[in-house]
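# Descriptive structure summary
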Amino acid sequence: MRELVVNLSDHSYKIIIENGALDNVNTYIKTIYNNDKVFIITDDKVKDLYLDKVIKSLEKDYIVDYVVIPNGEASKTLEKYAYICEELLKKDIRRNNLIVALGGGVIGDISGFVASSLFRGLPYVGIPTSLLAQMDSSIGGKTGIDFYGRKNILGAFKQPKMVIIDPNTINTLDEREFNNGMGELIKHGAIGNKELLDSLYSHPKITEDVIYESLTVKKKVVEIDEFDLKERMTLNFGHTFGHAIELKYGYKHGEAVAIGMLMAIKMGIDLGVTDKSCYKPILDILKIYNLPVVEYDYKDYLKDVFYDKKNIAGTISFIFLTKLGECVIYKITEKEIKEKLL
Ligand code: GLY
């Protein structure tokens, strides 16, 4: 078992990483929640795999009820948000009850948003079951839903009371979904942990220790910049170009981040910020995990990214590696882009 504590200004919470943790959820939750009822939010796919197990554990200490929505990004809507709230109210949820988000990124995001807003805020615990959610969205308190054609545009920062990760859940992911999560794990190595990155050459089993090392990178930046105003932006390495191609070509998030990292490395090299030696190791590791390494020319996407949300007062903040395991936030104007790169 490994344990991480995310220390924020007004509270802290634990990330438990334990093989088989799904059988002991009650033991962990007991340490942070003493009321009588727990409401699980999950999706139809995860329900079949893990809901019974989690209920069995929680019923040792709590009265348990649950709400199920369909699996997939199409569920991250205002309608499903309203459906979950209605179901919880029908089931007589009270403002001091606990929500448990059991599932991948969509469940974590929408459940966290429900927890941030129903009764002006309820406590919640995240139990992410996809590698992608374990690596990224379940940690750090970004919650939300898609709206008006824009991803995560309605949301709130709402930190969980605890995150419980059972690495055994990775075993039920298909290969593409596993590799999708690896995209974010590789990113953590690239921006903040060279040893982790080096260890990936041997395609290791994703153990409690590997998850711990990867999440330590995220934990550190969330602690210094909970609300994503500065240092936390480093977690967006590969995302600026990644977002530009994700929807356009139908990539999964971690796949788009993989390609976006390569594009950002090329741009960083052209600007003289990124050491040339960074490109090949990242390319090789992405290939080991069968992530797409299609070479889109970053210059073709500069215009798109300039007008996305990172364009604050005519400047974009790019995240570039300086060398493997280290990165910088690099601000650049449209004028400089034209002068230096186009
Ligand atoms: N996914 C990036 C962050 O949590 O800030």
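To start, this report covers the structure provided alongside it. (Residues numbered from 1 in each chain as written. Predicted model: local features only at pLDDT ≥ 70, side-chain atom pairs only at ≥ 80, totals over all residues. Heavy atoms only, no water.)

Right, let's get into the overall build of the protein chain. A tally of helices and strands in the protein chain yields 13 helices and twelve strands. Here the C-alpha atoms of the protein chain give a radius of gyration of 20 Å, agreeing with the 20 Å that 2.2 N^0.38 yields for 342 residues. In terms of overall dimensions, the protein chain has a C-alpha envelope of 60 × 40 × 35 Å along the principal axes. Expressed as a percentage of its 342 residues, the buried residues of the protein chain come to 56%. When contacts within the protein chain are restricted to residue pairs at least 6 apart in sequence, those whose partners lie at least 24 apart make up 74%. Accessible surface, the protein chain: about 14900 Å² in total, of which carbon and sulfur atoms supply 51%. Of the side-chain charges in the protein chain, 45 are positive and 49 negative, and the distance between the mean point of each set is 3 Å. (Helix = DSSP H or I, 4+ residues; strand = E, 2+ residues; numbered from the N terminus. Rg over C-alpha atoms; globule rule 2.2 N^0.38 Å. Buried < 20%, exposed > 50% of the residue type's maximum accessible area, 1.4 Å probe, protein only. Contact = heavy atoms within 4.5 Å. Areas by Shrake-Rupley, 256 points an atom, 1.4 Å probe, with all protein chains shown as cover. Lys, Arg positive; Asp, Glu negative; His and termini not counted. Charge placed at Lys NZ, Arg CZ, Asp CG, Glu CD.)

As a further point, take a nonpolar patch on the surface. On the surface, Leu-78, Phe-147, Tyr-148 and Ile-153 cluster together to form a nonpolar patch covering roughly 430 Å² of accessible area. Checked against the element boundaries, Tyr-148 lands in the loop between strand 7 (142-147) and strand 8 (150-157). (Patch = residues over 30% accessible without salt bridge, like charges linked within 9 Å, V, L, I, M, F, W, Y side chains within 5 Å. Salt bridge = Lys/Arg side-chain N within 4 Å of Asp/Glu carboxyl O.)

Mapped onto the secondary structure, Val-106 falls in helix 4 (residues 105-117). The exposure class of Val-106 is buried, given its relative accessible area of 16%. Along the sequence, Val-106 and Ala-133 sit 27 residues apart, while their C-alpha atoms lie 8.6 Å from each other. In this view, Val-106 contacts Gly-72, Glu-73, Ser-75 and Lys-76; residues no more than four positions away in its chain are not counted.

Taken together, the residues surrounding the ligand are Asp-136, Lys-142, Lys-218, Arg-232 and Leu-235. The contact in question runs from an oxygen atom of the ligand to an N or O atom on the side chain of Lys-142, over 2.9 Å. Residue Lys-218 places a side-chain N or O atom 2.6 Å away from an oxygen atom belonging to the ligand. Within the complex, 89% of the 200 Å² of free accessible area of the ligand lies under protein. (Near = heavy atom within 4 Å. Polar contact = N/O pair within 3.5 Å; in protein donor to acceptor, adjacent residues only side chain to side chain.)

This paragraph deals with the pairing of strand 9 (residues 162-165). The side chains of a regular strand alternate between the sheet's two faces. Neither face of strand 9 is open: one carries Met-162 and Ile-164, the other Val-163 and Ile-165, and all of them are buried. Bridge count between strand 2 (residues 12-17) and strand 9: four bridges; the pairing is parallel. Its bridge partner lying in strand 9, Ile-16 is registered against Ile-164. Pairing of strand 6 (residues 124-128) with strand 9, which is carried by two bridges, proceeds in the parallel orientation. Among the inter-strand pairings, Val-125 is bridged to a residue of strand 9, identified as Met-162. (Pairing = 2+ DSSP bridges.)

Counting across every chain of the model gives eleven aromatic pairs. Ring geometry for Phe-318 and Phe-320: centres 5.6 Å apart, planes at 5°, overall stacked. Above the ring of Tyr-212, the side-chain terminus of Arg-2 is found at 3.7 Å from the ring centroid. (Phe/Tyr/Trp six-rings, centres within 6.5 Å; stacked < 30°, edge-to-face > 60°. Lys NZ or Arg CZ within 6 Å of the ring centre and 35° of its normal.)

Ile-186, Phe-241 and Phe-318 are the most contacted members of the largest nonpolar core, which totals 73 residues. Residue contributions to this core peak at eleven residues, all from helix 10 (residues 253-270). Here Ile-186 is in contact with Leu-197, Leu-200, Met-261, Ile-285, Leu-286, Tyr-289 and Leu-291, once residues within four sequence places are set aside. Counting residues in each nonpolar core, the second largest holds 24 residues, with Leu-22, Val-25, Val-64 and Leu-102 among its members. (Core = buried A, V, L, I, M, F, W, Y, C linked by side-chain atoms within 4.5 Å.)

This part is about the pattern of salt bridges. Inspection of the entire model under this criterion finds 23 salt bridges. Residues Asp-61 and Lys-30 are paired through a salt bridge, measuring 4.0 Å at the closest nitrogen-oxygen approach. One end of the pair, Asp-61, is in the loop between helix 2 (44-58) and strand 4 (63-69); the other, Lys-30, is in helix 1 (residues 25-30), with 31 residues separating them in the sequence. According to the relative accessible area criterion, Asp-61 is partly exposed, its value standing at 31%. For Lys-30, a relative accessible area of 39% corresponds to the partly exposed category. Taking the shortest distance from any N to any O, the salt bridge between Asp-284 and Lys-280 comes out at 2.8 Å. With Asp-284 and Lys-280 both in helix 11 (residues 279-288), this residue pair falls four residues apart, about one helical turn.

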